[in-house]
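Architecture and fold: a report
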Amino acid sequence: MIDARTKLLGVIGDPIEHSRSPQLHNYLIKHLNLNFCYLAFKAPPAQLARLVDGFRAMDVAGFNVTVPHKETIASLLDGLSQDADTLGAVNTVVVENEKFVGHNTDWIGFLHPLSKIDLQNQRAVVLGAGGAAKGIIYGLIQKGIDQLILVNRTTSKAEALAAHVQERFGFDAMTVVESESEALKFAIQDAQLLVNTTSVGMWPEVEQSPVESSMLHPELMVYDLVYNPLETQLLKEAKQVGARTIDGLGMFIGQGVAAFSKWTKAEVPASLVHSLRDYLIQL
Ligand code: ATR
């Protein structure tokens, strides 16, 4: 029940109307019986600073940050966690002693569905070289991945990201291969994990896949960050060859649960994460 002690949480972005974060967090609030409320706020870039000021005046408990503010918000905050600083991206702001501190739970969320999987001595192929790819690569390195192969439609962007990874994350075992090349075919053949961070396959172009189905094999785990649709063409084809699959809802839930725990200090039991997933699927 909302009362005079209810603490405000939220998400800011532009556009924001499509966000599923309010459903995710309010579900957790309700089922853990906590006195918080989570709302979405549209924040056009020109209004961002005023909005953050308003949050300070209102003494909010914390908030999520999404496109297009993940990088620009840093200058409006009082500090950054080490990972948010290294990644140059904030998706969660935690209020600690009236200070607004930027965190990044995207990479933690990405690892959530991989928690029982050992990635040491493994090779991963990452498709895409945008902001999402950077967080995923950071997560894979934290989890001890042995080798990374990066592929992007625009190869120069993949090369720039690989250089950044070497410089900022101190990781050397990364190679770039061209998309639609023989080298990509061999890279996937030798890999145990394939991650799609591009928007290929996202609604409405649901019949597209970022790689040819003939490149997939049963020893591969295929992880698609796209969650609209939940079963992308890539995941369908992966299942057909007997590969294991992880859909994009796993990462979305993981980043949300990690942010929620930072704000509320609440433990979210695995059973609640499962029922949350069922709830989000049927929305
Ligand atoms: P995000 O922050 O979600 O990663 P982004 O920075 O816009 O978003 O990156 C989108 C990624 O999807 C890029 O790697 C992009 O490739 P380019 O660097 O060549 O633009 C990739 N992408 C988007 N549409 C694509 C398409 N139709 N085919 C192949 N790659 C595509």
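Now for a quick tour of the structure. (Residues numbered from 1 in each chain as written. Predicted model: local features only at pLDDT ≥ 70, side-chain atom pairs only at ≥ 80, totals over all residues. Heavy atoms only, no water.)

A look at the site of the ligand
- Taken together, Gly128, Ala129, Gly130, Gly131, Ala132, Asn152, Arg153, Thr154, Lys157, Thr198, Ser199 and Val200 make up the full set of residues adjacent to the ligand.
- Here an oxygen atom of the ligand sits 3.0 Å away from a polar atom, N or O, in the main chain of Ala132.
- Burial of the ligand by the protein chains amounts to 61% of its free accessible area of 640 Å².
- In terms of residue class, the shell around the ligand is made up of three nonpolar, seven polar and two charged. (Near = heavy atom within 4 Å. Polar contact = N/O pair within 3.5 Å; in protein donor to acceptor, adjacent residues only side chain to side chain. Areas by Shrake-Rupley, 256 points an atom, 1.4 Å probe, with all protein chains shown as cover. Nonpolar A, V, L, I, M, F, W, Y, C, P; charged D, E, K, R; others polar.)

Details of unusual backbone geometry
- The linkage connecting Val67 with the following residue, Pro68, adopts the cis geometry, with an omega of 5°.
- A cis geometry characterises the amide bond from Asn228 onward to Pro229, with omega recorded as 5°.
- If you trace the backbone, Pro229 turns up in the loop between β11 (221-224) and α8 (233-240).
- The phi angle at Lys265 is positive, at roughly 60°, despite the residue not being glycine.
- Mapped onto the secondary structure, Lys265 falls in the loop between α9 (249-264) and α10 (270-281).
- Given a relative accessible area of 66%, Lys265 falls into the exposed group. (Helix = DSSP H or I, 4+ residues; strand = E, 2+ residues; numbered from the N terminus. Buried < 20%, exposed > 50% of the residue type's maximum accessible area, 1.4 Å probe, protein only.)

Let's talk about the packing of aromatic side chains
- Counted under the stated rule, the structure contains nine aromatic pairs.
- Taking 5.1 Å as the distance between ring centres and 85° as the angle between the ring planes, the aromatic pair formed by Trp107 and Tyr138 counts as edge-to-face. Of the two residues, Trp107 sits in helix α4 (residues 106-111) while Tyr138 sits in helix α5 (residues 131-142), which places them 31 residues apart along the sequence.
- With 5.2 Å between their ring centres and 75° between their planes, Tyr138 and Phe169 make a pair best called edge-to-face. With a gap of 31 residues between them, Tyr138 in helix α5 and Phe169 in helix α6 (residues 155-169) connect regions that are remote in the sequence.
- An aromatic cluster is present here, built from Phe41, Phe55, Phe63 and Phe100 joined pairwise through their rings.
- The residue whose ring lies beneath Arg56 is Phe100, and the NZ or CZ to ring-centre distance is 4.3 Å. (Phe/Tyr/Trp six-rings, centres within 6.5 Å; stacked < 30°, edge-to-face > 60°. Lys NZ or Arg CZ within 6 Å of the ring centre and 35° of its normal.)

Considerations on the sheet that holds β11
- Within the open sheet, the six strands sit side by side as β9-β8-β7-β10-β11-β12. Their pairing is parallel. Of all the strands in the sheet, the pair left with one neighbour each is β9 (174-178) and β12 (244-246). Going across the sheet, the axis of each strand differs from the next one's by a mean of 20°, ignoring polarity.
- Against the sheet, α6 contacts β8 (147-152) and β9, and its axis sits at roughly 180° relative to β9. (Pairing = 2+ DSSP bridges. Axes fitted to C-alpha atoms, helices over the stretch in contact; angles between N-to-C directions. Contact = heavy atoms within 4.5 Å.)

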